[in-house]
Amino acid sequence: MSANAEDAGGAGNPGTAVRYECRVDIEAVTAIDMHVHLEVDDCGHVSMPEDVMEASSKYFKAEERTPSIDRIGEIYREQKMAAVVFTVDASTQMDHAPNSIDDLVAGCARNNDVLIPFGSVDPRKGPAALVEARRQADVLGVRGFKFHPSVQGFDPSDEQFRPLWAELEQFGLPCIFHTGQNGMGAGLPGGRGIKLKYSNPLLLDEVAADHPNLPIIMAHPSVPWQDEANSIATHKANVYIDLSGWSPKYFPESLVRQSNNVLSRKVLFGTDFPLITAEKWMRAFADLPLKDEVRPLILKDNAVRLLGLDSTSGSTPGVRGA
């Protein structure tokens, strides 16, 4: 595999937005990591305030906290994996400007043989969030969106956010929502004001029910609400679970059992890189009591289907403007 810099389209032309075109060869990759953070943009701006970055590094014992987008591409290319990459716009809650989505997309375009960009908007910005979501989907070509209700400080089931979910439903793009325990703010006084309740997966059940064509990915084992997450993913055809943020050796037993059976086509490989590396995750994953036929579904096949990828095309069915 090699990066396709020529497909970046406009990269190197200042002021020109780069539109992402996927060139991932599905046959050449062994897995798709659905949960990778870009923590620094091209100008050296980090995604979260300094105290939050330091606390999360300590919580996860992260070794390399802010690799560049090109370094992330190198890492996943060496491992023969593809990766979904995103940042989080929590500017209202954190009073901290987000990383540049345009830089992220341009970087993924330079590395479009292995990297797939997801966008992010701050739901608390109201109509402006809808405008920015449209720009990211239509102009930049992002392949999904990332939300962190606790860090962004919002209840996804609140009716004020319904216009955003309705807009995103039209795109046909998957949305990743953080659920469960939170490493951001961990160990800080008051958890840095971050409220865990907004990451209860039950808040997404209403969103999934009211927007059946909006693919929803509940990120992470949803401790302490794992049974709720299992139930929602089983009940709602448009809801999935990614396995990021935890070493597989610490997965709740119910999640492992359900992944082996009723949720085998609803569970997705994810690391939470750079906080957890693919090497460490895969070593622990090998020890889980999973059926042989389930492992490839989790590692790649489920993501291929959800992202609309195949061996000959990088298109995503139903994406406006694609």
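Since we're looking at a predicted model, the values are computed, not measured. (Residues numbered from 1 in each chain as written. Predicted model: local features only at pLDDT ≥ 70, side-chain atom pairs only at ≥ 80, totals over all residues. Heavy atoms only, no water.)

Caption draft 1: Quick look at unusual backbone geometry. In this structure, the amide linkage connecting V223 to the following residue, P224, adopts the cis form with an omega of 10 degrees. Summarising the element assignment, P224 is placed in the loop between β6 (216–219) and α9 (226–235). Cis geometry is adopted by the peptide bond preceding P274, which originates at F273 and carries an omega value of 10 degrees. Residue placement: P274 occurs in the loop between β8 (267–268) and α11 (278–285). With a phi close to 80 degrees, H220 is a non-glycine residue in the positive phi region. Within the secondary structure, H220 sits in the loop between β6 and α9. Phi angles above zero are rare outside glycine, and D272 is one such case at about 85 degrees. (Helix = DSSP H or I, 4+ residues; strand = E, 2+ residues; numbered from the N terminus.)

Caption draft 2: Here's a closer look at the environment of L130. Assignment of secondary structure puts L130 in helix α5 (residues 127–140). Here L130 falls in the buried class, since its relative accessible area comes to 14%. Counting along the chain gives 34 residues from L130 to L164, while the straight-line C-alpha distance between them is 5.9 Å. With residues up to four places along the chain from it excluded, the contact list for L130 reads P163, L164 and E167. (Buried < 20%, exposed > 50% of the residue type's maximum accessible area, 1.4 Å probe, protein only. Contact = heavy atoms within 4.5 Å.)

Caption draft 3: Geometry of the nonpolar core. I32, M34, V85, F145, F147, W165 and L168 are the most contacted members of the largest nonpolar core, which has 87 residues in total. In this structure F145 touches F118, G119, S120, A133, Q136, A137, L168, F171, L173, P174, C175 and I176, once residues within four positions along its chain are discounted. V88, A90, V151 and I194 belong to the second largest nonpolar core, which has five residues in total. (Core = buried A, V, L, I, M, F, W, Y, C linked by side-chain atoms within 4.5 Å.)

Caption draft 4: Looking closely at α5. The first and last C-alpha atoms of α5 sit 19 Å apart over 14 residues, in line with the 20 Å expected at 1.5 Å per residue. Those residues of α5 not exposed but buried are A129, L130, A133, Q136, A137 and L140. Buried residues of α5 fall within an arc of 160 degrees about the axis and therefore sit on the same side. Positive phi shows up at G141, right after α5, with a value of about 75 degrees. (Expected span 1.5 Å × (residues − 1). Arc of directions from axis to C-beta.)

Caption draft 5: Structural detail: the environment of P289. Tracing the chain through its elements places P289 in the loop between α11 and α12 (295–307). P289 gets classed as exposed once you look at its relative accessible area, which sits at 60%. Once the C-alpha coordinates of P289 and N260 are considered, the two residues, 29 residues apart in sequence, prove to be 8.3 Å apart. Those residues within four positions of P289 in sequence are excluded, and the remaining contacts are V256 and N260.

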